[in-house]
Amino acid sequence: MDFFSKLGDTIANVGKDVTQKAKDVSGIAKLKLDIKAKEDFIKEQYIELGKAYYEKNKGMDVPEKVQFDRIEEAMEDISKMELLILEIKKARRCPECGAEAAETAEFCSVCGKKLSIVVEDYPYEEEEIVKGEAAVTVNTED
Ligand SMILES: [Zn+2]
């Protein structure tokens, strides 16, 4: 074997090594992705298990009471924030079906239930209150 054919072989072998390494790398990357997918799957199962455990045991004296309380607090916070959103949007929930309805709507647009009328602020009443206070102030000064 002369120098050039040896060199040719070497280059070919290096080429094979690179190709093999690339295959290994992509194989590892794929396996890592598969592992990640399985880990995510396990996480989802844990969440489902936790949820089922919570639903079955809420309100009971369980060793995980701290977590139970945290979940309930977070749920209350969510309810408060959802109410805030309704307030900002000047809307409310239908007591029958839970659909969002405008504050001024008389009927639910989803189930048709008659909604209670929201009492608006009457500026006249406020004026009268102010007048009453003014009168009191005048009386005190006398
Ligand atoms: Zn409704």
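Thresholds applied
- Along each chain, residues carry numbers from 1 onward, in the same order as the chain's sequence is written.
- This being a predicted model, a pLDDT of at least 70 is required before a residue's local features are given, and a value of 80 or more before pairs of side-chain atoms are given or counted; all residues contribute to the totals for chains, interfaces and linings.
- Excluded from the side-chain calculations are hydrogens and water; all other atoms, namely the structure's heavy atoms, are used.
- Because no water is among the atoms considered, metal sites can look incomplete, with donors defined as N, O and S atoms within 2.8 Å of the metal, or 3.2 Å for Na, K and Ca.
- Geometry is assigned from the angles between donors: four donors with all angles from 85 to 135 degrees make a tetrahedral site, four or six donors whose opposite pairs exceed 155 degrees while the rest stay between 65 and 115 make square planar or octahedral sites respectively, and everything else is labelled irregular.
- Every helix listed is a DSSP run of H or I at least four residues long, and every strand listed is a run of E at least two residues long, numbered separately from the N terminus.
- Each residue's exposure class comes from its accessible area (1.4 Å probe, protein chains only) as a fraction of the maximum for that residue type: buried when under 20%, exposed when over 50%, partly exposed otherwise.
- To count toward a patch, a residue needs a relative accessible area above 30% and no salt bridge. Like charges then connect within 9 Å, nonpolar side chains (Val, Leu, Ile, Met, Phe, Trp, Tyr) within 5 Å.
- What sets the accessible areas is the Shrake-Rupley method with a 1.4 Å probe; for residues, cover comes only from the shown protein chains.
- Salt-bridge detection follows one rule: a side-chain nitrogen of Lys or Arg within 4 Å of a carboxyl oxygen of Asp or Glu.
- Classification of ring pairs uses Phe, Tyr and Trp, with its six-membered ring standing for Trp, and accepts pairs whose centres are within 6.5 Å; under 30 degrees between planes counts as stacked, over 60 as edge-to-face, and the remaining range as tilted.

Visitor: So what's going on with the coordination of the zinc ion? Which residues, and what values?
Guide: Looking at the zinc ion, one finds its protein donor set to be Cys94 (SG), Cys97 (SG), Cys108 (SG) and Cys111 (SG), positioned 2.3 to 2.4 Å from the metal centre. Considering all four donor atoms around the zinc ion, the spread of angles at the metal, 105 to 116°, places the coordination shape in the tetrahedral class. Sequence spacing of the donor residues for the zinc ion, all on one chain, is C-x2-C-x10-C-x2-C. One end of the pair, Cys97, is in the loop between β1 (91–93) and β2 (100–102); the other, Cys108, is in the loop between β2 and α3 (123–141), and eleven residues separate them in sequence. The class of Cys97 is partly exposed, set by a relative accessible area of 38%. Given the relative accessible area of 4%, Cys108 is considered buried.

Visitor: So what's going on with a nonpolar patch on the surface? Residues and values would help.
Guide: On the surface, Phe3, Phe4, Leu7 and Ile11 cluster together to form a nonpolar patch covering roughly 470 Å² of accessible area. Within the secondary structure, Phe3 is located in helix α1 (residues 3–57).

Visitor: Provide a residue-level description of the packing of aromatic side chains, including the pertinent values.
Guide: A complete count under the given rule lists two aromatic pairs for this structure. An angle of 90° between the planes, with centres 6.0 Å apart, marks the rings of Tyr53 and Phe68 as edge-to-face. In this pair, Tyr53 sits in helix α1 while Phe68 sits in helix α2 (residues 65–88), placing the two residues 15 residues apart along the sequence. Relative to Phe68, the ring of Tyr54 has its centre 5.0 Å away and its plane inclined at 50°; by these criteria the two rings are tilted. Taken as a pair, Tyr54 in helix α1 and Phe68 in helix α2 lie far apart in primary sequence, 14 residues in all. Taken together through their ring pairs, the aromatic side chains of Tyr53, Tyr54 and Phe68 make up a single cluster.

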